[in-house]
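# Overview (structure and organization)
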Amino acid sequence: GFPDEIVDLAHDFATFVKRSPFPPYDRNSFTGKWRHLWIRLSSNNEIMVTLITNGGLPLSEVQRLESLFKNRVQSFYWAKSDQSYYDASILNRVLFGTPTITEHIGKYKFTIYPFNTFPSNITMFTNMMEKVIQIAELDNSTVLVDVGCGIGAQCIYLSSKVKRSVGFDPDEHLINVSLQNRDQNDVQNIFFFKGTAETGLNDVANNIASDEKTVCILNTSVPTPPVSSIKAIAKCDKVKKFVYITD
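Residues numbered from 1 in each chain as written. Predicted model: local features only at pLDDT ≥ 70, side-chain atom pairs only at ≥ 80, totals over all residues. Heavy atoms only, no water.

## Structural notes on the pattern of salt bridges
As a reminder, the rule being used: Salt bridge, as used here: a side-chain nitrogen of Lys or Arg that lies within 4 Å of a carboxyl oxygen of Asp or Glu. Segments assigned H or I by DSSP are reported as helices when at least four residues long, segments assigned E as strands when at least two residues long, and all are numbered from the N terminus. Relative accessibility thresholds used throughout: buried, under 20% of the residue-type maximum; exposed, over 50%; partly exposed, between the two (1.4 Å probe, protein chains only).
Taken as a whole and judged by the stated rule, the model has eight salt bridges. Asp-12 is paired through a salt bridge with Arg-72; the nearest N and O atoms lie 2.9 Å apart. Here Asp-12 is found in helix α1 (residues 4–19), whereas its partner Arg-72 is found in the loop between α2 (59–69) and β3 (75–81), with 60 residues between them in sequence. A relative accessible area of 26% means that Asp-12 is categorised as partly exposed. Note on Arg-72: relative accessible area 32%, which makes it partly exposed. Between Asp-139 and Lys-213 there is a salt bridge; the shortest N-O distance is 3.3 Å.

Shown next as structure tokens:
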């Protein structure tokens, strides 16, 4: 089950919404105020809350939120959207607390911002990475290419098992976070670039030495396979192994 502090926060927010003069968001009529609440508990017991509302809030409601959460969480983000769907690229701001929280996987430290995808089960993630090491036969001649690298967790965790790593992601924010995570862990053999397999894989392949082997990894929770990326990987003759991970 969920930790007690998370259950309590969720319960108290539900009560907060019931007492609010604004109703919850209705996806059919596109009306109402309260859209989404995400609560993240890190491995360091830091709590980040991210609230999405349909449009703004009056000062009275903002003050009620502060009263409810301020002494119970480390970071509280608020994003407002007037769209009928939620886009993670919309502007958001820290209502109070720190702009980030910290996660750890083994000896590695990761900075987490709202909407960053990060393994919810660290043990499952490390077991999966050990399988990748075994299946892909990673060694000191491997150039690892992580397609859709996110915040760089896979590249950083596997950095000691390969010669070097290259991570691609089309999201510039995620690349910036990846670089931040790389630098704070003092990992020297990783390069992160904004891009995709379609745009960047051939450039990597053109810089592969004869004694190096390229291994691609693509880890996605999206139900629909990223066909264009898979095709680009399949067409690259320098790729010796391809590991596809999905939920």
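## What to know about the pairing of strand β7 (residues 142–147)
This is how it is decided: Note: two strands are recorded as paired if DSSP finds a minimum of 2 bridges between them.
Within β7, six of the six residues are buried, which leaves it mostly tucked inside the rest of the structure. A two-sided burial pattern is seen for β7, the buried positions comprising Thr-142, Leu-144 and Asp-146 on one face and Val-143, Val-145 and Val-147 on the other. Across six bridges, the pairing between β7 and strand β10 (residues 213–220) is parallel. Paired with Leu-144 across the bridge in β10 is Val-215. The pairing of β7 with strand β8 (residues 164–169) spans five bridges and is parallel. Across the sheet, the residue bridging to Asp-146 is Gly-167, located in β8.

## Description of the packing of helix α6 (residues 197–205) against helix α7 (residues 227–235)
The criterion, for reference: Axis angles are defined between N-to-C directions and span 0 to 180 degrees, where every axis is a line fitted to C-alpha atoms and, for a helix, only to the segment in contact. Any angle between 65 and 115 degrees counts as roughly perpendicular, while under 35 counts as roughly parallel, over 145 as roughly antiparallel, and the rest as oblique. By convention, the crossing between two helices is left-handed when the near helix turns anticlockwise from the far helix through less than a right angle, and right-handed when the turn is clockwise. Contacts: residue pairs with any heavy atoms within 4.5 Å of one another.
The interhelical angle for the contact between α6 and α7, taken along N-to-C directions, is 20°, at an axis separation of 9 Å. In terms of axis orientation, α6 runs roughly parallel to α7. Handedness of the crossing formed by α6 with α7: right-handed. Side by side, α6 and α7 meet where Ala-197, Glu-198 and Leu-201 of the first sit next to Ser-228, Ser-229, Ala-232 and Ile-233 of the second.

## Observations regarding the nonpolar core
Heads up, the condition is: Take the buried residues of types Ala, Val, Leu, Ile, Met, Phe, Trp, Tyr and Cys, join any two whose side-chain atoms come within 4.5 Å, and each joined set is a nonpolar core.
Among the nonpolar cores identified, the biggest contains 33 residues, and Phe-110, Met-129, Val-132, Leu-138 and Leu-158 are the most heavily contacted of them. For this core, the secondary-structure elements that each account for two or more residues are β5 (101–105), β6 (108–112), α3 (122–135), α4 (153–157), α5 (172–184), β9 (190–194), β10 and β11 (239–246). Once you skip the residues sitting within four places of it in the chain, Val-132 turns out to touch Glu-137, Leu-138, Leu-158, Ile-217, Val-243 and Ile-245. Counting residues in hydrophobic clusters, the runner-up holds 19 residues, among them Phe-16, Leu-51, Phe-76 and Phe-96.

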